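Per-entry structural report
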Amino acid sequence: MRKFVSMLGIMLCFIALNTEHTYGFIQKQDTTVVADDLQFTEIGSAEDSAANAISTETLTKDSVATSKVSTKQANASSTDSSNTLWNTFIEGLVGGFIAFLMPCIFPMVPLTVSYFTKRAGSRSRGIGQALIYGASIIVIYVALGLLITLLFGSAKLNELSSSGWFNLAFFILLVVFAISFFGTFEITLPSAFVNKIDEKSDSSKGLGGIFFMAASLALVSFSCTGPIIGTLLVQASSKGEILAPAIGMSGFALALALPFTLSAVFPGFLNSMPKSGGWLNSVKVCLGFLELALALKFLSAADLVWHWEWFDREIFLSLWIVIFVLMGFYLLGKLRFSHDSDVTYISVPRLFFTLVSFSFAVYMVPGLWGAPVNILSGIAPPLNTQDFILGDNTSGTNSDLRFPAQVKYNNLLHPPHGFNAFFDLEEGLSYAKSVKKPVLIDFTGHACVNCRKMEDKVWIEPEVSRLIKEEYVLIQLYVDERGVKMPESKVHYSKILRRNTTDLGNWNGDFQATTYGSNSQPFYVLAGQDLKPLVQPQGALYEAKAFAGYLQSGLDAFKAAQK
């Protein structure tokens, strides 16, 4: 039973880690590229890009109100940052517990604890050395996280998350990790380096010897932990927080060190742990399947950023279905790898895991015909990439017959399924003035997971959908669109981004940060035709009723101002 509980925890925790947004904490929105020392420009000044691109009359008269919005958003940003780091720590913690149950680490616990006890000569000294051993593990992995930050910097990490090359590179990297977990090869560090550290642990005495023992564990177990660490660092780096890699590694190291320490302090804990066996390798292979599924998320992001338009939702779901069906057959013993043990009978844990794997595959099947797949919201490609939707009726999409058949940039950019949207601010404002409606400015991005999650889960709700379609003019401003080059009249140097706004994404990102004091996505601004916020701008809000209330409050404020 203990073995079943352990394996069940592994699969569920790793799925939660991959989806990234399963935890019940407030998520920070995906961020655009903003320099470390972000400074907001005074609205209406000569340096203000928004004032140069739109009319000065529109923006300067609202500078005081916008300044207040910027202050509120700056305060909210601090809270979002704390929540993001906390979530990163939790993800690292989950990853550490998964790593502990890898074949390279789990069998070493009894040997390590026994070594401390014999070396120390007494139980009390053994406990002290085990505590130092655990602390050394934490120091080593946190140093790795800090090294990533020093090498890239927060702004570069943030920029990489919306880069097509970044997403393609990590797709390849995670596929390599998956192949490694399947047993084709092992990812190891140079043997000479590992042996030298191991010799240090044997020859050194006192604290130095214990530290090098911890370093030896980290190096020897790299073939198992490397893919997990790599995945964690990818996830942490994409958040754009300068401390995220270090925070993630601190959670990972704490979870990895805790069982070693508890086993030394409480000998009964060691006895309650399941025995090593072939099930450890089965866990490793299952993680390989999950790594392979996660890799497709990065391939999808690259497809959206580069506008390939071939890796659509059907292909993504088909591959996920096949992956989880194969994992089910593996758990049944019908699919075996060269290093697997014989499965002479199906145990109860394997049966339950098989049911979970096959059930999840069946759950995704209706998605091939356009049905919502809420578990994959924000991970799977958006519904507008779907080639065929069963029973689709979009005849009521355009509630206003005056909406133009063609809008600027719609050859590359597409609105959420069932909606109409402008992708150019000036064009959207002009239309809003003609129909006398407020605007919903949606700062979004191709690689923005929370943006897709809002569209897949919240915008499809009837009341939210009705308000957006009938009462607002939707303007979607992509902050990571690099394919659209701006005309010379709109190219200027952005002090915030520290670059020229040569493409649409940089122009939109500069406009958002300069005008509304925010650099996060999704970011929703309900405004009149003068761009003045009708109500406080809002980030991701996953409760449909709450978001509908937010839309209604902006509409009420707009109507009141017209009287």
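Predicted model only: the values in this text are computed from it and were never measured.

Focus on a nonpolar patch on the surface
A surface patch of nonpolar side chains, about 440 Å² in accessible area, is lined by Ile346, Val348, Leu351, Phe352 and Leu355. Tracing the backbone through its elements, the reader meets Phe352 in helix 16 (residues 348-364).

Some details on the sheet that holds strand 7 (residues 523-527)
Reading across the sheet, the three strands line up as 3-2-7 and stay open at both edges, with mixed pairing between neighbours. Where the open sheet ends on each side, the last strands, each with one partner, are strand 3 (473-478) and strand 7. Put simply, the sheet's adjacent strands are angled 20° from each other on average, direction ignored. The pairing of strand 2 (residues 439-444) with strand 3 spans six bridges and is parallel. Each bridged residue has a counterpart across the sheet, and for Thr444 the counterpart in strand 3 is Tyr478.

Some remarks on the packing of aromatic side chains
Inspection of the entire model under this criterion finds 31 aromatic pairs. A centroid spacing of 6.0 Å and a plane angle of 45° characterise the contact between Trp459 and Tyr524, whose relative ring orientation is tilted. One end of the pair, Trp459, is in the loop between helix 18 (449-457) and helix 19 (462-471); the other, Tyr524, is in strand 7, and 65 residues separate them in sequence. The ring of Trp507 is capped by Lys490, whose NZ or CZ atom sits 5.4 Å from the centre of that ring.

A look at the environment of Ile138
Structurally, Ile138 can be placed in helix 6 (residues 123-152). Using a relative accessible area of 26% as the deciding quantity, one classes Ile138 as partly exposed. With residues near it in sequence (within four places) discarded, Ile138 still touches Ala253, Leu254 and Ala257.

Cut-offs applied
- Residues numbered from 1 in each chain as written.
- Predicted model: local features only at pLDDT ≥ 70, side-chain atom pairs only at ≥ 80, totals over all residues.
- Heavy atoms only, no water.
- Patch = residues over 30% accessible without salt bridge, like charges linked within 9 Å, V, L, I, M, F, W, Y side chains within 5 Å.
- Areas by Shrake-Rupley, 256 points an atom, 1.4 Å probe, with all protein chains shown as cover.
- Salt bridge = Lys/Arg side-chain N within 4 Å of Asp/Glu carboxyl O.
- Helix = DSSP H or I, 4+ residues; strand = E, 2+ residues; numbered from the N terminus.
- Pairing = 2+ DSSP bridges.
- Axes fitted to C-alpha atoms, helices over the stretch in contact; angles between N-to-C directions.
- Phe/Tyr/Trp six-rings, centres within 6.5 Å; stacked < 30°, edge-to-face > 60°.
- Lys NZ or Arg CZ within 6 Å of the ring centre and 35° of its normal.
- Buried < 20%, exposed > 50% of the residue type's maximum accessible area, 1.4 Å probe, protein only.
- Contact = heavy atoms within 4.5 Å.

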